[in-house]
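Listed below are the residues making up each chain.
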Amino acid sequence: MIKILFVCHGNVCRSTMSQFVFQDMVNKCGKQNEFQIDSAATSREEIGNGPHYGTVRKLNKEGIPVLHHRARQLTRKDYDRYDYLIGMDSANIRNMLRICGGDPEGKICKLMEFAGEARDIADPWYTGNFDRTYDDVAEGCKALLKKLL
């Protein structure tokens, strides 16, 4: 089983969007029993909250199921539990490295790296552009799935 944890600042926009988009892709290719997919935050700001309404609205528009999820913070133990810890931007990566105490096994990376790009995925909490975030998330998730299959 491949265990993937998507991570962003608050775990209500980008990481949950990535979790649900990737889960939908995995389900559609019949590989759901081969993956464990979750998401977490680097901050404590949104702990216990559900996905942002902008994320929910965009996923509904795209026909992607929104699963039950409550924001939680990344922990050091997550590093041992997951095969991939995938951040959305450079600040997430710095905070993930701090929380996990480094990355000795090379598990931490940005989502867009799977698509051959070093760029960050903009946070729609600040930009309000959930369409652009979705496009980037879908591109990164598609490339990740291709790599893993």
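The present account deals with the structure reproduced in this document. Worth saying up front: this structure is predicted, and the values here are computed from it rather than measured. All residue numbers refer to position in the chain's written sequence, counted from 1. Residue-level local features of this predicted model are given only where pLDDT is at least 70; pairs of side-chain atoms are given and counted only at 80 or more, and the full residue set underlies all totals for whole chains, interfaces and linings. Note that the side-chain values use all heavy atoms of the structure and ignore hydrogens as well as water.

This part covers the overall build of the chain. From N to C terminus, the chain includes 6 helices and 4 strands. Going from N to C terminus, the chain has its helices and strands arranged as β-α-β-α-α-β-α-β-α-α. In summary, the chain has a C-alpha radius of gyration of 14 Å against a globular reference of 15 Å for 149 residues, a match within 12%. Categorising residues by exposure relies on relative accessible area from a 1.4 Å probe, with only protein chains included: less than 20% of the type maximum marks a residue as buried, more than 50% marks it as exposed, and the intermediate range marks it as partly exposed. Out of the 149 residues belonging to the chain, those deemed buried represent 52%. Here the analysis covers contacts within the chain between residues at least 6 apart in sequence; of these, 73% occur between residues at least 24 apart. Summed over all atoms, the accessible surface of the chain reaches about 7300 Å², with 47% contributed by carbon and sulfur. Note that His is not counted, nor are the chain ends; the positive residues are Lys and Arg, and the negative ones are Asp and Glu. A single reference atom marks each charge: NZ on Lys, CZ on Arg, CG on Asp, CD on Glu. If the 22 positive side-chain charges of the chain are averaged to one point and the 20 negative ones to another, these points end up 2 Å apart. Helix and strand assignments follow DSSP, with helices taken as H or I runs no shorter than four residues and strands as E runs no shorter than two, numbered in order from the N terminus. Only the C-alpha atoms count toward the radius of gyration. The rule for a globule is 2.2 Å times the residue count to the power 0.38. A contact between two residues is defined here by any heavy atoms of the two lying within 4.5 Å. Note on areas: Shrake-Rupley, 1.4 Å probe, and residue coverage restricted to the protein chains presented here.

The next point concerns the pattern of salt bridges. When a carboxyl oxygen of Asp or Glu is within 4 Å of a side-chain nitrogen of Lys or Arg, the pair counts as a salt bridge. As enumerated under the stated definition, the model contains 15 salt bridges in all. It is possible to trace a salt-bridge network through shared partners that takes in Glu 117, Arg 119, Arg 132, Asp 136 and Glu 139.

The buried fraction of strand β1 (residues 2-8) is high, at 5 of 7 residues. What joins β1 to strand β2 (residues 35-41) is helix α1 (residues 14-28), and the crossover it makes is right-handed. Bridge count between β1 and strand β3 (residues 84-87): 4 bridges; the pairing is parallel. When the bridges of β3 are listed, Val 7 appears paired with Gly 87. Whether a crossover is right-handed depends on one test, that the path from the first strand over the helix to the second runs clockwise when the strands point away from the viewer. For two strands to pair, DSSP has to find at least two bridges joining them.

Strand order in the open sheet formed by 4 strands is β2-β1-β3-β4, with parallel pairing between adjacent strands. With one partner strand each, in any of the chains shown, β2 and β4 (108-110) form the two edges of the open sheet. Direction aside, neighbouring strands of the sheet carry axes that sit 25° apart on average. Sitting on the sheet, α1 touches β1 and β2, and the angle it makes with β2 is about 170°. Axis lines are fitted through C-alpha atoms, for helices just across the contact stretch, and the angle between N-to-C directions can take any value from 0 to 180 degrees.

A separate point is the pairing of β2. If a strand is regular, its side chains alternate between the two faces of the sheet. With 5 of its 7 residues buried, β2 lies for the most part within the structure. Relative to β2, β1 is paired through 7 bridges, and the arrangement is parallel. When the bridges of β2 are listed, Ile 2 appears paired with Phe 35.

Each α-helix turn comprises 3.6 residues. Residues three or four places apart therefore point the same way. How far a helix is expected to stretch is found by multiplying one less than its residue total by 1.5 Å. Helix length check: α1, at 15 residues, gives a terminal C-alpha distance of 21 Å against a target of 21 Å (1.5 Å per residue), a fit within 8%. Across the 15 residues of α1, 13 count as buried, placing the element largely inside the fold. The first or second residue beyond α1 is Gly 30, which carries a positive phi of 70°.

On to the nonpolar core, then. Here, the term nonpolar core denotes a set of buried Ala, Val, Leu, Ile, Met, Phe, Trp, Tyr and Cys residues that are joined through side-chain atoms within 4.5 Å. Core analysis: the biggest nonpolar cluster contains 33 residues, and Ile 4, Phe 6, Val 21, Phe 22 and Ile 86 have the highest contact counts within it. Looking at this core, the elements that each hand over two or more residues are β1, α1, β2, β3 and α6 (130-148). Top contributing element to this core by residue count: α6, with 9 residues. Setting aside chain neighbours within four positions, we find Ile 86 in contact with Ile 4, Leu 5, Phe 6, Val 7, Met 96, Cys 109, Lys 110, Leu 111, Phe 114 and Leu 144. Grouped together as the second largest cluster of nonpolar side chains are 12 residues, Tyr 79, Tyr 82, Leu 85 and Ile 108 included.

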